[in-house]
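Analysis of the macromolecular model
Chain residues, written in single-letter form:
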Amino acid sequence: MIKTPPPRFVIVQQQPDKRPYIWSAVAVAWAVSLVAAWFWSQSLAAPQLPRLTAELETTQRELGLRQQQLDRLAQREATLQRSDQISRTANKQVQAALAQREEEISDLRADVAFYERLVGATAPAKGLNVHSVEFKPETGGTWRYQIYLTQNLNRGAVSSGGLQFQVEGVRGGKLAAISWNELHQKSQAPAQDYSFRYFQELVGSVMLPAGFTPQRIRVSLRGANGSIDQQFAWKSGVTVTGET
C-alpha cells in the first residue's frame, strides 16, 4: 500500500492585530485625564476667582486715581515753573530798569556837578553865554573844537538856535578871517544847532588853511532867545576863556 506524503503547506488562521486598539485606548485615556485635570483645576480655582477679580478691579481703580493725581501734580509743577520763569523775567526787567534809572540819576548828578564847576556856585545870573572855546589839533591837519554854552538866568527856559564862528589871524603877512564856510570847506555850511536848559557842549572839526596863524575866535549865536557875538583869544593851540 502506497502512503500519501504529508502536505507541504499548512493553512493556519491569522489572529487579528490588537495594537491599534491599544493605542486608541491609550489616546482616549490621555484625553479623559486632561479633561479630568481641567475640571479638577477649575474646581480648585473657582472659589478664589471672584475675590481675585474684585481685587483686580480695585487695583485698576486705584491705579487710575494715582495716574490722575500724577497728572495733576505734573500740571501744577509746569504751572509753577512757568510762574517762576515769568517772575524771574519780570525781576530781570525791573533790575534793568532800576540800573538804567540809577545810571540816569548818576549822569544828572555828574551834569549838575559839572555845571556848578563850570559857572560857579556864586556866579551871577546870566543869559545865553559862550562859556569857553577850545581847539586841539587832530591827525590829518584838522582841528577839533569844543565849545560850552551856558545860561543860568532863566532856569526853566530852553535856549535854542544855531552856532557859527570864524577864526581871525594872519596869512601871508596880512590880517585874515577864515569864515565858517571856509573852515568847513563848503559854500553854504549850515550852522550847528544847539538846544539846552542849563549848558551844552558842542563839538566838531574844522580845517585851517595852510600858512594861516590863528589869533582869535569870534563865536556867533543866533536863536529865538537872542543873538550874541563873543570873541576868544587863541593861545598855544588852545583858547583861553573870556569875552568882549
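Before reading further, recall that the structure is shown in the block above.
One structure accompanies this document, and this report is about it. (Residues numbered from 1 in each chain as written. Predicted model: local features only at pLDDT ≥ 70, side-chain atom pairs only at ≥ 80, totals over all residues. Heavy atoms only, no water.)

Here we look at the pairing of strand β5 (residues 192-196)
Of the two faces of β5, the one holding Gln 192, Tyr 194 and Phe 196 is buried and the one holding Asp 193 and Ser 195 is not buried anywhere. Summarising the sheet, strand β3 (residues 159-171) and β5 pair through five bridges and their orientation is antiparallel. Bridged to Leu 163 within β5 is Gln 192. (Buried < 20%, exposed > 50% of the residue type's maximum accessible area, 1.4 Å probe, protein only. Helix = DSSP H or I, 4+ residues; strand = E, 2+ residues; numbered from the N terminus. Pairing = 2+ DSSP bridges.)

Thoughts on the sheet that holds strand β6 (residues 199-207)
Each strand in a sheet pairs with its neighbour through backbone hydrogen bonds, running either in the same direction (parallel) or in the opposite one (antiparallel). Taken in spatial order, the three strands line up as β1-β2-β6 in an open sheet, and their pairing is antiparallel. Of all strands in the sheet, those with a lone pairing partner are β1 (129-137) and β6, marking the two edges. Each strand of the sheet is rotated relative to its neighbour by a mean of 20 degrees, with strand direction disregarded. Of the pairings in the sheet, the one linking strand β2 (residues 142-150) to β6 comprises nine bridges and is antiparallel in character. Residue pairing for β6: Tyr 145 is matched across the bridge by Gly 204. (Axes fitted to C-alpha atoms, helices over the stretch in contact; angles between N-to-C directions.)

Thoughts on the nonpolar core
Membership of the largest hydrophobic core comes to 27 residues, with the highest contact counts inside it found for Phe 135, Leu 149, Leu 163, Phe 165, Ile 217 and Val 219. Beyond its immediate stretch of four places on either side in the chain, Leu 163 contacts Ile 147, Leu 149, Trp 180, Ala 191, Gln 192, Tyr 194, Leu 202, Val 219, Ser 220 and Leu 221. (Core = buried A, V, L, I, M, F, W, Y, C linked by side-chain atoms within 4.5 Å. Contact = heavy atoms within 4.5 Å.)

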